[in-house]
4 protein chains.
Amino acid sequence: MTVRFGLLGAGRIGKVHAKAVTGDANARLVAVADAFPAAAQAIADQYGCDVRTIDAICAAKDIDAVVICTPTDTHADLIEQFVKAGKAVFCEKPIDLSLARVKACLEVVRAHKGTLMVGFNRRFDPHFKAVRAEIDKGSVGAVEMVTITSRDPGAPPVDYIKRSGGIFRDMTIHDFDMARFLLGEDITEIVATAAVLVDKAIGEAGDFDSVQVMLKTATGKQAMISNSRRATYGYDQRIEVHGSLGMVAAENQRPVSIEVANAAGYTRPPLHDFFMTRYTEAYAAEIATFIAALAGKGRAEPSGEDGLIALALADAALRSVAEGRVVKMTEIL
Amino acid sequence: MTVRFGLLGAGRIGKVHAKAVTGDANARLVAVADAFPAAAQAIADQYGCDVRTIDAICAAKDIDAVVICTPTDTHADLIEQFVKAGKAVFCEKPIDLSLARVKACLEVVRAHKGTLMVGFNRRFDPHFKAVRAEIDKGSVGAVEMVTITSRDPGAPPVDYIKRSGGIFRDMTIHDFDMARFLLGEDITEIVATAAVLVDKAIGEAGDFDSVQVMLKTATGKQAMISNSRRATYGYDQRIEVHGSLGMVAAENQRPVSIEVANAAGYTRPPLHDFFMTRYTEAYAAEIATFIAALAGKGRAEPSGEDGLIALALADAALRSVAEGRVVKMTEIL
Amino acid sequence: MTVRFGLLGAGRIGKVHAKAVTGDANARLVAVADAFPAAAQAIADQYGCDVRTIDAICAAKDIDAVVICTPTDTHADLIEQFVKAGKAVFCEKPIDLSLARVKACLEVVRAHKGTLMVGFNRRFDPHFKAVRAEIDKGSVGAVEMVTITSRDPGAPPVDYIKRSGGIFRDMTIHDFDMARFLLGEDITEIVATAAVLVDKAIGEAGDFDSVQVMLKTATGKQAMISNSRRATYGYDQRIEVHGSLGMVAAENQRPVSIEVANAAGYTRPPLHDFFMTRYTEAYAAEIATFIAALAGKGRAEPSGEDGLIALALADAALRSVAEGRVVKMTEIL
Amino acid sequence: MTVRFGLLGAGRIGKVHAKAVTGDANARLVAVADAFPAAAQAIADQYGCDVRTIDAICAAKDIDAVVICTPTDTHADLIEQFVKAGKAVFCEKPIDLSLARVKACLEVVRAHKGTLMVGFNRRFDPHFKAVRAEIDKGSVGAVEMVTITSRDPGAPPVDYIKRSGGIFRDMTIHDFDMARFLLGEDITEIVATAAVLVDKAIGEAGDFDSVQVMLKTATGKQAMISNSRRATYGYDQRIEVHGSLGMVAAENQRPVSIEVANAAGYTRPPLHDFFMTRYTEAYAAEIATFIAALAGKGRAEPSGEDGLIALALADAALRSVAEGRVVKMTEIL
């Protein structure tokens, strides 16, 4: 079975998914839509597919599934539109910045027994997957404490910050999902600290650029997240899982593994510059998982519910910072 | 100038300090006291010094300074007794488990213009000192976020737990001091999570074995501490400092640096088994610093005040766990 | 300009090159030939190209260049045939196992002003390229000593050994080329030791499985090569270059970079299983270099001459082992 | 039993051994002799022992053993003198630069049933010992190939070079002993290449500064040694042992294990500056082994015979370079 795809959104991440779809032997890219026709045309030219409108793609008989890479504020509407039309949907995170809107959207998905997978790409990174595989194998025993370090090379423009929902909903959200993926238990409590250390303009826009979070489950498993919008040495992405029998960790990745030694010491090159180079394999594996799930092999996860919970954790983190206290997830969801 | 020492307490840590004092060209071990005469005699035999009572050491004209390694509940009284007698005092942490008692003790030290240095040995570890030196050199710019991982190989007996004042006052206290040493700014806020994951008996004794702490200074600098009484792979002691220009980290240490590779992969041996082997150099450097300070070179730090603040942070962490909220240090001190 | 390709040979390495050609935006795979029609058809089906005979490809007007992946004993004849037909040729190493035959073949290439690039894939590995880039940048000063470690996970079947020309012509030949690539000077002397330690059958076939080689240039620069047909921990591929100002090294690569720590120590997974996974990026970059050179960007190197010299070094190594002495390259070439 | 020591030679290495002897609970330093009385007196002052003449130490009833750290050309005579006087002898390498003189000296030792241990300190380095322990445990199966990298931070003065017997007898000799220690079999063949790349004056003095050596045993086990008098990044001391089941390696050591990361990459400090700091623990363990052997625990190894063979390998290496061929050890010994 070949899954026939429509691509909604031909921006940076849209191109990544176009490559993933066309590179998968079990899928075909049929059409692409974008508010900027030139962007859609560029993808159409490169991969030999049509340019169509979103509505045309939704109505098309030769399309089974869509990948949604449009701006965030269109996600929930598009998910509902395409699920109602019987298309399987892969949507970039987040579903929406409003928890209520996400809940309503998932209600529609459920009502139409739709398939919705949310793009938490890091679950598909081969190194992080290998960490999870070690947990599943029992290599570290019962998971006790998780540490996630996630630092962006630099802060995005303040305009982006304003639309993004803030650092917890835009950046930490990936770490919330990763913590859930690794803890294997619902998070029940959360507390966060936050500061503006990198760029005052971020603070003026009402956001933070340096945050720390602690999470806890009902049985006392714990996780820590450390985030910053600054890392001069590249895109810092590490996880560490401690269990009753030991520890498993994923190291940082760099484009080349060389070392130069001289009187100044031993120097290895900086890390990957950002997510586009760091998570190349993850993006391809993510789409491959979606395609396989549509063919009945495995599940289309992370699900809409996973997207909802990660967003709820972001909301809880914000409340924790505002009120200087531990927030119980039952207060949010 | 040769500093003439009395040693109070001939237990495990007393032996470490006896070796450090006798190995220092600027010091001499004159006498040792212990509630168990055989323990004192063993040290006297090995290093050719006297066995005396504590009071005799306090009265002795041939003794300039003492190292206090007796049980915790005697520390404050002994500090006061020896400071009044004009002796310089090096005391193992903590000064006392009661913040009020520590304050009263420091009042006496101040009133007698006494010299008191507290044994936070980790500041003297060559690797951690090198981290601090990089900060002082400006290698990482302005410090922004500190991460401290500190995991004991195994939990102590529950009897010890009961006398220790709990994990925050016994174990995390070192990390509180290290965070202050690295942040270079007063900590103003603290929040902690805590659980019993390793040994139920610890929970029954009213303590925790797995804790996480977040700290914040007035300017928004942040620190995270992760502690566990369990680390199957050895004594896990890492620090990582992020600043505006970069990052500096100290790696774990192991007794031998070899690697065996076979079909199962590449394996390096476990870490040091615990603090006695991990911090050998730190203990010697700590005493050397005290001796040098008495000779006018450098300062006898960490001070009694440093001991007080670390204990106050432990008290604040406990309150944070009890009340599920961020605690301001002005509430405690 | 799009380079139109014919592929000769549809075996394991043929498939690798088919993927590289079709994945390159500046090339197109037009036809494939193989003695086993089914193998050719499989590639034709996957990439939508023709199956043709070798002679048809040679005569075709719609083909500019070929990639030769047929058995070694056909290489020299095919190079001559296609060069005479005006096609650019990329040929897997070696050109032939006989030095005389290689010389004659290169004479034909020269006479027809043909383009011939030889497949020493390792020059295109991103890590090794980065090592060479550091040399070119002057990071290590004048190159003095090179160390190359190259160990196969396991020995090939004895049948293969017999056809391969032996370990020096089949395996060390890559390291000879790498040594030249890194030394930047002609090798003038060589001495080798050789033994059978892995598989007696290899010795019975007249070959070795464990060899060491030392190389020297006219100015005294030196290189060491260590080869074995056994490495239980994966495909061991390391280089280290020492110069007047410092050292640059390329580390081994593994599919996933995780580490598991427990009472047995800290364990990272084995290395890549062999060249097909280790050199994925190198194979693609190699073909991209050939394509770019045909478009006038950069040179089609390593050249036929590079192939000749690497083979001559293998012959010299064999003579060195047989005669227990240092062999001068002027004796061979 | 306490072993009572005389120390012959109060130079740099004499001080190291004085510290080792006085720090060992089973030994006592009784007297020290040196051609420069002030050097001897300094040690006597520090450790509270006598200054005596060599002859007085030899005649002394209160001395059981000597450590010989005098200039190389006195070693053999002193060994003979002290062995005849019934003293146990620990002698720094080499016994003599002349193979014939060493043989004659060992004859005297044998005739008097003397105890002679030779100072190949590296066997006692905890990391290299751990490598050997893994071999003995069977972790790597049957040893097949050994690689030793040994690079000095800088070249010694040419005056020293002239007295040293050249790089093979002065520097590589340690690696010859290490190769024997790890191979566990007699070396039967050797071939070397040599060049002057670091300092022309070394060449003018008739020596080399950059050498490579290959060794082979009767069963085909092999070893490679790479030596240079230049390493800008510190004292480079690595060993790697490949066997039928896997590999074991010892990494380089540095004084502090920190890492600084910024836009230029990840930098660790240089290695130890030279043998005095790199092999601190090895020197102490070496003397402890000698002391223990005198008390009947373990053997006084490396023996005089080990010293003889290492020197013979150096002679063979020189002949190999001069004659451009593999030299059989039966030609030398």
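The structure presented is a predicted model; accordingly, all values stated were derived computationally and were not measured. (Residues numbered from 1 in each chain as written. Chains lettered and ligands numbered in written order. Predicted model: local features only at pLDDT ≥ 70, side-chain atom pairs only at ≥ 80, totals over all residues. Heavy atoms only, no water.)

Notes on the overall build of chain A
When helices and strands are counted, chain A shows 12 helices and 15 strands. Expected size for 333 residues packed as a compact globule is a radius of gyration near 20 Å; at 20 Å, chain A falls within 12% of this value. Within the span of chain A, comprising 333 residues, buried residues form 60% of the whole. Long-range contacts, defined here as pairs at least 24 residues apart, represent 70% of the contacts in chain A between residues at least 6 apart. Element-wise, carbon and sulfur atoms account for 53% of the exposed surface of chain A, whose accessible area totals about 12200 Å². Seen as two clouds, the 38 positive and the 42 negative side-chain charges of chain A have centres 2 Å apart. (Helix = DSSP H or I, 4+ residues; strand = E, 2+ residues; numbered from the N terminus. Rg over C-alpha atoms; globule rule 2.2 N^0.38 Å. Buried < 20%, exposed > 50% of the residue type's maximum accessible area, 1.4 Å probe, protein only. Contact = heavy atoms within 4.5 Å. Areas by Shrake-Rupley, 256 points an atom, 1.4 Å probe, with all protein chains shown as cover. Lys, Arg positive; Asp, Glu negative; His and termini not counted. Charge placed at Lys NZ, Arg CZ, Asp CG, Glu CD.)

What about the interface of chain B and chain A?
Listed per partner, the contact involves 43 residues of chain B and 44 residues of chain A. For the chain B and chain A pair, buried surface summed over both sides reaches about 3200 Å², with 57% attributable to carbon and sulfur atoms. Counting every contact that joins chain B to chain A gives 4 salt bridges. One salt bridge connects Glu144(A) with Arg230(B), and the closest N-O pair in it is separated by 2.3 Å. Taken together, the connections running from chain B to chain A amount to 22 residue pairs in polar contact (both at pLDDT 80 or more). Elements that contribute at least two residues to the side of chain B that touches chain A include exactly strand 7 (143–151), strand 8 (187–195), strand 9 (210–217), strand 10 (222–228) and strand 11 (236–243) of chain B. Across the side of chain B that touches chain A, the residue classes break down as 19 nonpolar, 15 polar and 9 charged. (Buried area = accessible area lost by both parts, 1.4 Å probe. Salt bridge = Lys/Arg side-chain N within 4 Å of Asp/Glu carboxyl O. Polar contact = N/O pair within 3.5 Å; in protein donor to acceptor, adjacent residues only side chain to side chain. Nonpolar A, V, L, I, M, F, W, Y, C, P; charged D, E, K, R; others polar.)

Points about the interface of chain C and chain B
Contact with chain C, which involves 16 residues of that partner, is made by 16 residues of chain B. The junction of chain C with chain B conceals about 1200 Å² of combined surface from both sides, 48% of it contributed by carbon and sulfur atoms. The largest per-residue losses of area from chain C upon contact with chain B belong to Tyr233(C), Tyr266(C) and Arg268(C), which jointly make up 44% of the total buried on that side. There are 2 salt bridges connecting chain C and chain B. Arg268(B) serves as the salt-bridge partner of Glu259(C), at 2.8 Å between the closest nitrogen and oxygen. For the pair chain C and chain B, the interface holds 5 residue pairs in polar contact (both at pLDDT 80 or more). Where the side of chain C that touches chain B is concerned, the elements lending two or more residues are strand 13 (258–262) and strand 14 (265–268) of chain C. Its residues assigned to classes, the side of chain C that touches chain B comprises 8 nonpolar, 5 polar and 3 charged. Two elements, strand 14 (residues 265–268) of chain B and strand 14 of chain C, share 3 bridges in a ladder whose sense is antiparallel. Within strand 14 of chain C, the position partnered with Tyr266(B) by the bridge is Arg268(C). (Pairing = 2+ DSSP bridges.)

Quick word on the nonpolar core
Counting residues in each nonpolar core, the largest one holds 107 residues, and the members touching the most others are Phe5(B), Ile79(B), Phe168(B), Phe176(B), Ile190(B) and Leu215(B). For this core, the leading source of residues is helix 8 (residues 167–183) of chain B, giving 10 residues. The next biggest cluster of nonpolar side chains, apart from the first, holds 106 residues, and it includes Ala10(C), Cys91(C), Cys105(C) and Ala293(C). (Core = buried A, V, L, I, M, F, W, Y, C linked by side-chain atoms within 4.5 Å.)

Focus on the UniProt feature "domain: Gfo/Idh/MocA-like oxidoreductase N-terminal" (unreviewed entry) in chain A
Mapped onto this structure's residue numbering, the UniProt feature "domain: Gfo/Idh/MocA-like oxidoreductase N-terminal" (unreviewed entry) falls at residues 3–120 of chain A. Secondary structure within residues 3–120 of chain A divides into 46% helix and 24% strand; the distance between the first and last C-alpha atoms comes to 21 Å. (UniProt positions renumbered as here; feature names shortened; annotations may be inferred.)

Observations regarding the sheet that holds strand 3 (residues 50–51) of chain B
The pairing of strands in a sheet comes from backbone hydrogen bonds and takes either a parallel or an antiparallel form. Residue and element names in this part refer to chain B. In space, the 6 strands of this open sheet follow the order 3-2-1-4-5-6, with parallel pairing throughout. The open sheet is flanked by strand 3 and strand 6 (116–119), the only strands paired with a single partner. Where strand 2 (residues 27–33) lies against strand 3, 2 bridges are found, and the strand directions are parallel. Pairing of Ala-31 across the sheet is with Asp-50, part of strand 3. Those strands touched by helix 1 (residues 12–22) are strand 1 (3–8), strand 2, strand 4 (65–68) and strand 5 (88–92), and its axis lies near 150 degrees from that of strand 2. (Axes fitted to C-alpha atoms, helices over the stretch in contact; angles between N-to-C directions.)

Quick word on the packing of aromatic side chains
Inspection of the entire model under this criterion finds 28 aromatic pairs over all chains. Their ring planes at 75 degrees and their centres at 5.5 Å tell us that Tyr233(A) and Tyr266(D) sit as a pair that is edge-to-face. A residue pair is termed interchain when its members come from two chains, as with Tyr233(A) in the loop between strand 10 (222–228) and strand 11 (236–243) and Tyr266(D) in strand 14 (residues 265–268). Of the two residues examined, Tyr233(A) and Tyr266(D), each falls in the buried class. Between the NZ or CZ atom of Arg254(B) and the centre of the ring of Tyr266(C), over which it lies, the distance is 4.8 Å. (Phe/Tyr/Trp six-rings, centres within 6.5 Å; stacked < 30°, edge-to-face > 60°. Lys NZ or Arg CZ within 6 Å of the ring centre and 35° of its normal.)

Considering the pattern of salt bridges
All names here are of chain D. Taken as a whole, this structure holds 108 salt bridges over all chains when the rule is applied. Across the pair Arg-229 and Asp-152 runs a salt bridge, and its minimum N-O distance is 3.3 Å. Remark: Asp-152 occurs in the loop between strand 7 (143–151) and helix 7 (158–164) and Arg-229 occurs in the loop between strand 10 (222–228) and strand 11 (236–243); sequence separation between them is 77 residues. Side by side, Arg-229 and Asp-152 carry an identical accessibility label, which is buried.

What about the UniProt feature "domain: GFO/IDH/MocA-like oxidoreductase" (unreviewed entry) in chain A?
Here, UniProt's "domain: GFO/IDH/MocA-like oxidoreductase" (unreviewed entry) annotation points to residues 128–248 of chain A. Its end C-alpha atoms 10 Å apart, residues 128–248 of chain A is made of 32% helix and 36% strand.

Observations regarding the sheet that holds strand 2 (residues 27–33) of chain A
All names here are of chain A. The 6 strands are arranged 3-2-1-4-5-6 in an open sheet whose pairing can be described as parallel. Looking at the sheet topology across the chains shown, the edges are occupied by strand 3 (50–51) and strand 6 (116–119). Bridge count between strand 4 (residues 65–68) and strand 5 (residues 88–92): 4 bridges; the pairing is parallel. Bridge pairing links Ile-68 to Cys-91 in strand 5. Sheet strands in contact with helix 2 (residues 37–47) are strand 1 (3–8), strand 2 and strand 3, and its direction is about 155 degrees off that of strand 2.

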